[in-house]
Amino acid sequence: MDALFQPVANLKGIGTKRAEALEKLGIRTPYDLLYHVPRGYLDYSHPVPVAAAPTGEPCVIRVQIVHKLAPQFIRKGMTIFKAVATDGLNDVTVILYNNPYGFQALHTGSWYRMSGKLQGGLLRREISAPHVLADDSKELIYPSYPLTSGITMPILVRAVKQAIELMRQQPFDWMPEEMRLEHGLLPLTAALEQVHFPANPALMETARRRLAFDELLQLQLGMLIRRADNRRRSAYPMRQDTDLEPFYGALPFTMTAGQKHAVEEITADLCGDAPMNRLLQGDVGSGKTAVAAAACYFAARNGMQCALMAPTEILAVQHYHTMQQFLEPLGVSVGLLTGSVRAKERREIYEALADGSMTLVVGTHAIFQKEVSFARLGLVITDEQHRFGVAQRTLLADKGGCPHKLVMSATPIPRTLALMIYGDLDISVLKELPRGRLPVQTFAVTGKLRQRAYSFIRQQLEQGHQGYIVCPMIDDRDESELQAVSSYAESIQAGAFSAYRVGLLHGRMKPAEKDNVMTAFRNHELDLLVSTTVIEVGVDVPNATILLIENAERFGLSQLHQLRGRVGRGSAQSYCILMTDHVTEDCRTRMQIMSRTNDGFQIAEADLQLRGPGDFFGQRQHGLPPLQIADLSHDTQLLHEVQETAKKILEKDADLSAPEHGALRLEVLRLFRRSGENGRN
Ligand SMILES: Nc1ncnc2c1ncn2[C@@H]1O[C@H](COP(=O)(O)OP(=O)(O)OP(=O)(O)O)[C@@H](O)[C@H]1O
């Protein structure tokens, strides 16, 4: 078993240079190679006759080399090698580019299977740069691996075969047989072998299932252990009898039962000995900010300072105003710390935070600066939505020993998935929206109806409401796109909306300019705001009742839902118009889903199905180790089984310290090490 964990350079055909290249793929040992699973497979088992091969489509043919032509030297760096082959009935020309070794390996008179795309007419068919396999090969399904420069497919295949051989000599499996049989899983050695060189497609699936099970189980265990670790730390416990009534009494509305319940869960955590690590999940507009404010008030009454981090200046300013409105009348001092706060004010805030005279600071990543120190930081609130990296969160947490942490997210995700992704957090969910909210009515229309849509918007503005028009920009730095959005705003101001006050907001504006526009919109000095997606997260102007999204096809479902959440935040009926001339099936499906439901959970689930978890989570830094085999959106059944298993394992052995869990523990560490960070602390 030892050789499996020695440097990969020891394998035949690898050496130091290739070992360095493999390191780029995260491969250091033969064991790592075993987990470098194929991205796909080339299945040579069903060749078709040359005459029946569809032009330009991937297929496999079985041919004999008839004769090889002289190489054609085209220019420096380009030599073409050709051979004529036949399947017994029809000829096909095999073409290789700059591949003398591949050409040498083809022998006249021998039979091969070739995978590629056929081109040319019926009389002169060609196959360019095919993957080639000797016809008498025992393995007909071949792996196709992610590669890196200096490592070709044959090199990797040869190395993987050696790694498999090493594992075969001394098979091992961390999973007890009983568990394996209970879940119908292959032994580890067989699974690793079959995932690389499957005897048939069914076995490949079974092998993947075993490895996906392992991966998910290790992820789940890692998250749960981290949660348990967190519980063992000690935090400053707050007083249970802290009176929240003054806060509730000063709120301009009555909290929903859901909000109150979330506040209870949070304050119970704050009174515990261990630091809180909680996710507050709620659909768009569900009132998470008020819950966060209650938590800040509670901490403040206990003499602790709080930090609330927003992703953009616009949101930081908005949260700052909200917190001021809710908390300052109750004697809680609130400060704003963003990149555009002037140096003098900033210094004052630094001082006030350091000497403890300021209780709550709201800001962007400006809060991370090393000049910022707190007298007694007790609570840190961030928004998962806000794409703070784990590293940044850690930085802030470091500023105050072991503060309580609350993460807010407006992306409702299915429960099994949440248990996995946020396995290290406790979860509070806001299920209902504040009373009196009406679902946003949503329509998908084509550009032909633009004038009607504008007239509909005018009706809303006429009634004293406000509206947004969102113009997507692919690239914020692209001058011509920026120009297009600006001209759009100018042209509607001069035309369809000449009787109204139109504002423009885009990502390239200076923070102070953005702030001015948002303030004007909030104060109803503007009726209509043309905006790029900077309004996407969290902007809260309840008087806005109409939203038009141009080129709606450019957005994924979750993003459309976020955008739509900018209206329907008051008691008036709100509307969302999705404008698109796109007619693809996928786009139509998205528009239909949006028109049909306002339920964030349903939308998130549909989004997950349509795009897969990679895109769904997008650039958001959720701090999860990258999964190589399992697919969080499709392996739902497996997720259930894994969660049950993880629970059972930890009930008996909370930190996997029992000797029989030694190997499993190593695997968990390996998985988390792959993510390059120590996670969500
Ligand atoms: N219980 C309530 N009753 C009435 N209005 C409420 C209540 N709670 C919050 N609101 C108001 O609802 C609006 C939305 O609240 P908030 O901005 O906290 O939503 P959110 O959950 O942060 O949404 P998003 O994820 O879209 O930012 C705000 O204008 C807020 O003042």
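For the protein chain, an unreviewed UniProt entry supplies the name ATP-dependent DNA helicase RecG and the organism Ruminococcus callidus ATCC 27760. If you open the UniProt record of the protein chain and go to Sequence similarities (unreviewed entry), you find "Belongs to the helicase family. RecG subfamily."

Participant: Please set out the nonpolar core residue by residue, giving values where relevant.
Facilitator: In globular proteins that are soluble, nonpolar side chains generally tend to be buried together. Counting 152 residues, the largest nonpolar core has Ala-295, Cys-296 and Leu-360 as its most contacted members. Residue contributions to this core peak at 12 residues, all from helix H7 (residues 201-232). Excluding anything up to four places from it in sequence, Leu-360 contacts Cys-296, Ala-300, Cys-306, Leu-308, Met-323, Leu-327, Val-332 and Val-334. Among the nonpolar cores identified, the runner-up in size contains 20 residues, and Ile-61, Ala-85, Tyr-112 and Met-114 belong to it.

Participant: An account of the sheet that holds strand E21 (residues 544-549) is requested, with residue identities and associated values reported.
Facilitator: Spatial ordering of the open sheet is given by E17-E22-E21-E18-E20-E19, a layout of 6 strands whose pairing is parallel. Of all strands in the sheet, those bounded by a partner on one side alone are strand E17 (441-445) and strand E19 (502-505). Mean inter-strand twist for the sheet, computed between neighbouring axes without regard to direction, equals 15°. Judged from the 4 bridges that link them, E19 and strand E20 (residues 528-531) form a sheet pairing that is parallel. Bridging across to E20, Leu-505 finds its partner in Ser-531. Against the sheet, helix H17 (residues 511-522) engages strand E18 (466-470), E19 and E20, with an angle of about 145° to E19. Taken strand by strand, helix H18 (residues 557-564) contacts E17, E18, E21 and strand E22 (575-579), and its axis lies near 150° from that of E21.

Participant: Explain the packing of helix H9 (residues 257-270) against helix H10 (residues 288-301) residue by residue, including any values.
Facilitator: For the pair H9 and H10, interaxial distance at closest approach is 10 Å and the crossing angle is 35°. For the element pair H9 and H10, the recorded crossing hand is right-handed. Taken together, the residues of H10 that come into contact with H9 (itself represented by Gln-259, Ala-262, Val-263, Ile-266, Thr-267 and Leu-270) are Ala-290, Val-291, Ala-294, Ala-295, Phe-298 and Ala-299. Its residues placed into classes, the contact of H9 with H10 shows 10 nonpolar, 2 polar and no charged.

Reading guide: rules and limits
Residues numbered from 1 in each chain as written. Predicted model: local features only at pLDDT ≥ 70, side-chain atom pairs only at ≥ 80, totals over all residues. UniProt positions renumbered as here; feature names shortened; annotations may be inferred. Core = buried A, V, L, I, M, F, W, Y, C linked by C-beta atoms within 7 Å. Buried ≥ 20, exposed ≤ 12 C-beta atoms within 10 Å, placed from the backbone. Helix = DSSP H or I, 4+ residues; strand = E, 2+ residues; numbered from the N terminus. Contact = placed C-beta atoms within 7 Å. Pairing = 2+ DSSP bridges. Axes fitted to C-alpha atoms, helices over the stretch in contact; angles between N-to-C directions. Left-handed = near helix turned anticlockwise from the far one by under 90°. Nonpolar A, V, L, I, M, F, W, Y, C, P; charged D, E, K, R; others polar.

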